[in-house]
Amino acid sequence: MLSQPLLRLASAVSRRRMKLLLGIALLAYVASVWGNLVNMSVLLNRSIQENGELRIESRIEEIIEPLREKIRDLEKSFTQKYPPVKFLSEKDRKRILVTGGAGFVGSHLTDKLMMDGHEVTVVDNFFTGRKRNVEHWIGHENFELINHDVVEPLYIEVDQIYHLASPASPPNYMYNPIKTLKTNTIGTLNMLDPEVHPQTEDYWGHVNPIGPRACYDEGKRVAETMCYAYMKQEGVEVRVARIFNTFGPRMHMNDGRVVSNFILQALQGEPLTVYGSGSQTRAFQYVSDLVNGLVALMNSNVSSPVNLGNPEEHTILEFAQLIKNLVGSGSEIQFLSEAQDDPQKRKPDIKKAKLMLGWEPVVPLEEGLNKAIHYFRKELEYQANNQYIPKPKPARIKKGRTRHN
């Protein structure tokens, strides 16, 4: 048996031990809780950091993605697949200048010359031409595009020059007649208002020198005079093509000419406007036929003027009805007052081209019109996406009316 003092001593020691154990347990608990808090804090901070980083990464991605797209576009431009180009030896390959080469006819001519393997320089001031007409050649080693006005001197060494730098539709050449006259006086293209039917190359034309078309018509006549004066005096080789009505893709939709007007009106469900009775005749050739004729003439020995056109004659009313049917349009045909100075008959005599160049149009009218309609339909879709719908713009002049071209 323990004595009373020993019991008290053992009890005191036990209490101290308990307190110590309790203190140790409390410290362990606090340490455990603190550790959990620290771990939770670390996890929370990590989560916040990760979420923040995700948001930052997401924002960076939003900013970078358009840049990536631009880089991809640039890579495509550097690795652009051009239309197939024939290889020509140095002696056969020509350096060719095409003025107005970004225009309707000029761009199609550029395509042919490029695909034939020649080195082509296009000069255009983009008054009526568009860069997108030739953008598929930009970057090609055989192609060069120069923004230049042919009224100003241009010094360049070439083997051949196709001069197509002239506004051809009434709204364009009447917009700035003095500019048109200046351009045409150094031109080589010719198309004269007919009075003889059909028109042969020895027909000199019947032109009103003070009329609304004088800037165009008289400019062409002076151009011929200049060409033949240089040929006689300086020995310059010249080729003169008299181009008749031409149509096809890349025409301006609102250039005021009959085919583009009718197609645009039919596609938009508007009345097809016919001036007069519609009995006036026109003869339209598809653009590829014209291009082949120009190249054949350039590479021939024919220095006298040559008609390039389609002798297949149709009335304006027939054109309106045909285009309406091909489009599948419910548009009405609207007859307006007869146009000022509108030629009643227009048909080229191409016997000379057939005999001396072996050339004549081969693209059927409906086939060509279907291609033009397809192009115009795509253009309208493109314009609609940009919230702009073009309307036909016939040539209008003071104290006069429009004319079919």
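The present account deals with the structure reproduced in this document. (Residues numbered from 1 in each chain as written. Predicted model: local features only at pLDDT ≥ 70, side-chain atom pairs only at ≥ 80, totals over all residues. Heavy atoms only, no water.)

### A few points about the packing of helix α2 (residues 104-115) against helix α7 (residues 287-298)
Our working rule: Note on method: axes are straight lines fitted to C-alpha atoms, helices fitted across the in-contact stretch only, with angles between N-to-C directions ranging 0 to 180 degrees. Helix and strand assignments come from DSSP, with helices taken as H or I runs of at least 4 residues and strands as E runs of at least 2, each series counted from the N terminus. We call a crossing left-handed when the near helix sits turned anticlockwise from the far one by less than a right angle, and right-handed when that turn is clockwise. In what follows, residue pairs with any heavy atoms lying within 4.5 Å of each other are defined as contacts. Amino acids are sorted into nonpolar (Ala, Val, Leu, Ile, Met, Phe, Trp, Tyr, Cys and Pro), charged (Asp, Glu, Lys and Arg) and polar (every other residue, Gly among them).
Where α2 contacts α7, the axes come no closer than 9 Å and their chain directions differ by 65°. Read as a crossing pair, α2 and α7 show a hand that is right-handed. Judged by residue contacts, Phe104, Val105, His108, Leu109, Lys112 and Leu113 of α2 engage Val287, Leu290, Val291, Asn292, Leu294 and Val295 from α7. Across the contact of α2 with α7, the residue classes tally to nine nonpolar, two polar and one charged.

### Regarding the pattern of salt bridges
Basically, it comes down to this: Salt bridge, as applied in this entry: a Lys or Arg side-chain nitrogen positioned within 4 Å of an Asp or Glu carboxyl oxygen. We call a residue buried when its accessible area falls under 20% of the maximum for its residue type, exposed when it is over 50%, and partly exposed in between, using a 1.4 Å probe and counting protein chains only.
Counted by the stated rule, this structure contains 13 salt bridges. For glutamate 379, the salt bridge goes to arginine 132, with nearest N and O atoms at 2.9 Å. Of this pair, glutamate 379 sits in helix α10 (residues 365-385) while arginine 132 is found in the loop between β2 (119-124) and β3 (143-147), placing the two residues 247 residues apart along the sequence. With a relative accessible area of 5%, glutamate 379 lands in the buried category. A relative accessible area of 35% places arginine 132 in the partly exposed class. Lysine 354 serves as the salt-bridge partner of glutamate 360, at 3.7 Å between the closest nitrogen and oxygen. Exposure remark for glutamate 360: the relative accessible area of 42% places this residue in the partly exposed category.

### Here we look at the nonpolar core
Inclusion rule: Definition of nonpolar core: a set of buried residues of the types Ala, Val, Leu, Ile, Met, Phe, Trp, Tyr and Cys, connected through side-chain atoms within 4.5 Å.
Ranked by internal contacts, the top residues of the largest apolar core, which has 58 residues, are Tyr162, Phe247 and Phe262. Here tyrosine 162 is in contact with Ile96, Leu97, Val98, Thr99, Leu109, Leu113, Leu294, Val295 and Met298, once residues within four sequence places are set aside.

### Brief notes about the side chain of asparagine 310
The condition that has to hold: For the purposes of these results, a polar contact is taken to be a pair of N or O atoms within 3.5 Å, where, inside protein, one atom must be able to donate a hydrogen and its partner to accept one; residues adjacent in sequence count only when each atom of the pair is a side-chain atom.
With respect to the element layout, asparagine 310 can be found in the loop between β11 (306-308) and β12 (314-315). Only 3.2 Å separates the side chain of asparagine 310 from the backbone oxygen of phenylalanine 284, close enough to count as a polar contact. Apart from the residues within four sequence positions on either side, asparagine 310 is in contact with Ala283, Phe284, Gln285, Pro348 and Pro361.

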